[in-house]
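# Per-entry structural report
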Amino acid sequence: MKVVSLILRAIVDLVFLVFPARFFYGKNRAGFVFLSNPRNIHDLYTKYPFLKHFNESITKRALRYMWPFAVAKVYGLNSLDKKHVSGWIFGISLTAEEILKDKTRARKKIKQAIRLAENYGLRVVGLGGYTSSVTDISEMSKYIDPILTSGSTYTAVVSAESVADIVLKYKKNLENINIAIVGATGSVGKIFTHILLSKNARRVRIFSKTLENLERLHKELIKEHPSKDISYSVDLSNLSSFDLIVLATNAPSALIQAGHLKGGAIVYDISQPKNISQNVVVARPDCFFFEGGLVRQPSSIRYHFDFKLNGGSIFGCMAETMIIAAAEFDKGLVKEGDRAYVELLRDAGFALGFTPYYYELNTHGNPR
Ligand SMILES: NC(=O)c1ccc[n+]([C@@H]2O[C@H](COP(=O)([O-])OP(=O)(O)OC[C@H]3O[C@@H](n4cnc5c(N)ncnc54)[C@H](OP(=O)(O)O)[C@@H]3O)[C@@H](O)[C@H]2O)c1
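In this text the structure is predicted, and so the values were computed from the model without any measurement.

Moving on to the site of the ligand. Around the ligand sit 31 residues, and of these Gly 186, Ser 208, Lys 209, Gly 293 and Phe 315 come closest. Secondary structure elements with two or more residues in the shell around the ligand: helix 8 (152–169), helix 9 (187–198) and helix 12 (316–326). Partitioned by chemical class, the residues of the shell around the ligand number nine nonpolar, 21 polar and one charged. Viewed by domain, the shell around the ligand spans two of them, domain 1 (2–150 + 298–352) and domain 2 (157–293), each represented by three or more residues.

Set out below in structure tokens:
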């Protein structure tokens, strides 16, 4: 049955890629689409189990030629004045690794997905998963009608709030602990670092892969937060002196080794796929590992798509897409990382019923 509905949906969306759906549905539809990609082949098998019957490399090769299509409709999102906001989840069939391996192919599919969203008449397009990592959003926004978002701002907002809450729970104070932010030069990492330094964090070391990016960000941070102790490094084996480690890289597999961590360290992982492997969680029962970048959505929201997240939570980037649509932000307001935009999102998210969410992982990878 799933195979038949998948084929039908894909055919409908192939038609919609060519003919705007507003020919069928009428003009001036509002709403949003959240574009996602499978983290790995297992995500695809979860949604479409019949694919397991085929050879893995043939499946991956065939899916490279698949156009983007709607994988689920989102119900139950209401605007502040209680009007229904329509929404969809679209998928592109490239895994995180394939997107990084062939960025040109990935960008072509992302553009197709945006065209499909435009043809559906949707006003907001959220680039989830790795689709934002390979898209120059501010450049692309100049040429298209819908509002584009990476969702990085709200992800950083809820992550900073969650981290502050976790630190407090362990009776520690952001002001007195050594904090490492890995992937600080990225879209989420940079906004997160700014927000945390604007709270009372004082000793922060930023990490990434590229030294020049770190040097540039370091200068910017020192200028904006002159009273703070901010340093940088590309060497992850330096992590063993930190009380709090926040991970926000786009590395396609786990980065952190068990030997990297100080006893009692708190590790908060925003990355998808995760930067912490289950082996490290098992090997270091003396540390505390948290799944981050998450949001609890209003209970009215429903869709048939399993992001494999706990407790009815969603990714911060999907929440940002929904908030922009439901709060009816104008395109000009949506400025990634902008301070006024950070405040607007936080307030609108709260008013719409979105709240920061995190959970501690046990040794089986489930919530503790
Ligand atoms: N929960 C959510 O809603 C949500 C939302 C958005 C993103 N995310 C996840 O958050 C992560 C970051 O996303 P993003 O959009 O910020 O990515 P991004 O802009 O592409 O930035 C990636 C960052 O990772 C660093 N990096 C890559 N490989 C590294 C390595 N081996 N060692 C150290 N640093 C490394 C990069 O450093 P350089 O480029 O400086 O070398 C850069 O700082 C991704 O995993 C993404 O899936 C989650």
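Here the narrative resumes.
The extent of an interface is frequently quoted as the accessible surface area lost upon association of the parts. Examined at the domain level, the protein breaks down into domain 1 (2–150 + 298–352) and domain 2 (157–293). For domain 1 versus domain 2, the separation of C-alpha centres amounts to 28 Å. With 17 residues of domain 1 in contact, the opposing surface of domain 2 contributes twelve residues. Counting only elements with at least two residues in the side of domain 1 that touches domain 2, the list comes to helix 5 (96–101) and helix 13 (339–352). Residue classes in the side of domain 1 that touches domain 2 are distributed as six nonpolar, seven polar and four charged.

Moving on to the packing of helix 8 against helix 9. Look at helix 8 against helix 9: their axes get within 8 Å of each other, and the N-to-C directions meet at 45 degrees. The orientation of helix 8 with respect to helix 9, classified from their angle, is oblique. Of the two possible hands of crossing, helix 8 and helix 9 adopt the one that is right-handed. Judged by residue contacts, Ser 152, Thr 153, Thr 155, Ala 156, Val 157, Ser 159, Ala 160 and Val 163 of helix 8 engage Ser 187, Val 188, Ile 191, Phe 192, Ile 195 and Leu 196 from helix 9. Within the contact of helix 8 with helix 9, the residues separate by chemical class into nine nonpolar, five polar and no charged.

Turning our attention to helix 12. The element helix 12 is largely enclosed, with a buried count of eleven among its eleven residues. Of all the positions in helix 12, only Gly 316, Cys 317, Met 318, Ala 319, Glu 320, Thr 321, Met 322, Ile 323, Ile 324, Ala 325 and Ala 326 are classed as buried. Immediately downstream of helix 12, the backbone of Glu 328 shows phi near 55 degrees, a positive value.

Conventions we followed
Residues numbered from 1 in each chain as written. Predicted model: local features only at pLDDT ≥ 70, side-chain atom pairs only at ≥ 80, totals over all residues. Near = placed C-beta within 6 Å. Helix = DSSP H or I, 4+ residues; strand = E, 2+ residues; numbered from the N terminus. Nonpolar A, V, L, I, M, F, W, Y, C, P; charged D, E, K, R; others polar. Domains from an automatic or database assignment. Contact = placed C-beta atoms within 7 Å. Axes fitted to C-alpha atoms, helices over the stretch in contact; angles between N-to-C directions. Parallel < 35°, antiparallel > 145°, perpendicular 65-115°, else oblique. Left-handed = near helix turned anticlockwise from the far one by under 90°. Buried ≥ 20, exposed ≤ 12 C-beta atoms within 10 Å, placed from the backbone.

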